[in-house]
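Coordinates in review
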Amino acid sequence: MNPRLAFIAAPLLTLTYGIARFVDGLDGKRGSGFFWNFGHLAFLVALACFALAFVEIRALLGRSVGATVAAAIGFVGIACAGAQFAIDIFLGLAYSDREAMNAAFDQIQSVPGVQAAVYDFGPLLFFVGQITLSVLLAKAGKIRWFAPLLVVADLMVPFADKDLIPLGAVCLLISYWPLVRRTAATTEPKIEYSGV
């Protein structure tokens with residue numbers, strides 16, 4: 001995938017997840033249905049797009065030590081969050097009843113290390129990597145100074161209210177937009193004048 005598309009797709013797929021999650025909860029319960037599975041699949045693909053975006057950001061930052069460490073931290077977080085969403089999709093497909101899903105969740109989360117790595121601490125590394133990379137980009141003058149604040153807003157709104165995930169995704173798209181334009185400018189082929 002063209003990195004330019006990753007910078008657009010990651011926020012839009014996050015937006016899709018947020019909308020699907022909201023619609024899934026309109027009946028008062030979530031899980032084990034089309035919108036649960038569709039939304040989680042959308043965010044799983046978004047995570048893959050974030051990984052591509054992190055690779056491109058590291059390149060834009062000259063593959064510096066700081067960018068490499070931040071990207072590596074982000075990749076670990078993406079892997080942990082990806083495992084969480086893969087489990088959610090599997091259980092959503094395997095069970096048609098929310099209570100049965102909850103029982104299966106309890107069994108999985110009771111496995112030593114899973115709760116911390118997949119649900120609590122691990123996914124936070126994705127946020128740490130993303131925020132750090134955005135700060136490094138702003139420091140390098142490749143995005144505006146307020147863009148990291150929009151990234152923080154995107155990452156914080158779910159903690160306030162998960163129904164605000166679409167709003168956070170819009171903030172993320174705004175913060176990534178200069179990178180879309182910068183990547184486009186650096187990847188388009190140059191046409192040289194031959195003098196003929």
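Residues numbered from 1 in each chain as written. Predicted model: local features only at pLDDT ≥ 70, side-chain atom pairs only at ≥ 80, totals over all residues. Heavy atoms only, no water.

**Re the overall build of the protein**
For clarity, the threshold we go by: The helix and strand labels rest on DSSP assignments: H or I over at least four residues marks a helix, E over at least two residues marks a strand, and numbering proceeds from the N terminus. Contacts: residue pairs with any heavy atoms within 4.5 Å of one another. What sets the accessible areas is the Shrake-Rupley method with a 1.4 Å probe; for residues, cover comes only from the shown protein chains.
Counting secondary structure elements, the protein contains 8 helices and 0 strands. N-terminal to C-terminal, the α/β element order of the protein is α-α-α-α-α-α-α-α. Taken over the C-alpha atoms alone, the protein extends approximately 70 × 35 × 30 Å along its principal axes. Within the protein, counting contacts between residues at least 6 apart in sequence, those at least 24 apart form 73% of the total. Total accessible area computed for the protein in this model is approximately 10,500 Å², and 67% of it derives from carbon and sulfur atoms.

**So, the UniProt feature "transmembrane region" (unreviewed entry) in the protein**
Counted only if it meets this: UniProt positions are given in the numbering used here, feature names are shortened, and annotations may be inferred rather than shown by experiment.
In this numbering, the UniProt entry assigns the feature "transmembrane region" (unreviewed entry) to residues 34–55, 67–96 and 116–138. End C-alpha atoms of residues 34–55 are separated by 32 Å, and the span's content is 100% helix alongside 0% strand. Helix makes up 87% of residues 116–138 and strand makes up 0%, while its end C-alpha atoms are separated by 31 Å.

**Brief notes about the environment of Gly122**
For Gly122, the position within the fold is in the loop between α5 (114–120) and α6 (124–139). As a C-alpha pair, Gly122 and Phe90 span 32 residues in sequence and 20 Å in three-dimensional space. Not counting residues up to four positions away in its chain, the partners in contact with Gly122 are Gly77, Cys80, Ala116 and Ala117.

**Notes on helix α4 (residues 98–109)**
For clarity, the cut-off: Working rule for helices: expected span equals 1.5 Å times residues minus one. Only protein chains enter the accessibility calculation, which uses a 1.4 Å probe; a residue whose area is less than 20% of its type maximum is buried, one above 50% is exposed, and one in between is partly exposed. As used here, the arc belongs to the directions running from the helix axis to the C-beta atoms.
Taking 1.5 Å per residue as the helical rise, α4 with its 12 residues ought to reach 16 Å, and the 16 Å between its terminal C-alpha atoms agrees with that figure. For α4, the complete set of buried residues consists of Met101, Ala104 and Phe105. End-on view of α4: buried residues confined to an arc of 105°, all on one side of the axis. Of the exposed residues in α4, the ones pointing more than 90 degrees away from its buried face are Glu99, Asp106 and Gln107. In the core, the buried residues of α4 are packed alongside α2 (34–60), α3 (65–94) and α5.

**Section: the pattern of salt bridges**
Formally: Salt bridges are identified by distance alone: a Lys or Arg side-chain nitrogen within 4 Å of an Asp or Glu carboxyl oxygen.
If you walk through the whole model with that rule in mind, you get 1 salt bridge. Residue Asp163 pairs with Arg21 through a salt bridge whose shortest N-O separation is 3.3 Å. Remark: Arg21 occurs in helix α1 (residues 3–24) and Asp163 occurs in the loop between α7 (147–160) and α8 (165–187); sequence separation between them is 142 residues. Since its relative accessible area comes to 32%, Asp163 is described here as partly exposed.

**Some details on a nonpolar patch on the surface**
To be explicit about the condition: Residues enter patches when they are more than 30% accessible in relative terms and free of salt bridges; like-charged ones are connected within 9 Å and nonpolar ones (Val, Leu, Ile, Met, Phe, Trp, Tyr) within 5 Å.
A surface patch of nonpolar side chains, about 440 Å² in accessible area, is lined by Phe121, Leu124, Met156 and Phe159. Its location among the elements puts Phe159 in helix α7. Owing to a relative accessible area of 55%, Phe159 belongs among the exposed residues under this scheme.

**Concerning α1**
Here is the rule: The term bend refers to the angle at a residue between two fitted axes, each drawn through seven residues, those ending there and those starting there.
Helix length check: α1 (22 residues) gives 31 Å between terminal C-alpha atoms against 32 Å at 1.5 Å per residue, within 8%. Most pronounced at Ala9, the bend in α1 amounts to some 25°, and the proline Pro11 follows within four residues. Three or more residues of α1 are buried, namely Ala6, Phe7, Ala9, Ala10, Pro11, Thr14, Tyr17, Gly18, Ala20, Arg21 and Asp24.

**A short note on the packing of aromatic side chains**
Heads up, the condition is: Classification of ring pairs rests on two measures: the distance between centres of Phe, Tyr or Trp rings, Trp counted by its six-membered ring, which must be within 6.5 Å, and the angle between planes, read as stacked under 30 degrees, edge-to-face over 60 and tilted in between.
For the coordinates displayed, the defined rule picks out 12 aromatic pairs. Residues Phe127 and Phe159 carry aromatic rings whose centres are separated by 6.2 Å and whose planes lie at 85° to one another, so their mutual orientation is edge-to-face. Of the two residues, Phe127 is situated in helix α6 and Phe159 in helix α7; the sequence distance between them amounts to 32 residues. Seen from their ring centres, Trp145 and Phe146 are 5.6 Å apart, and the 90° between their planes marks the pair as edge-to-face. An aromatic cluster is built from Phe50, Phe54, Phe75, Phe126, Phe127 and Phe159, whose rings are joined through pairwise contacts.

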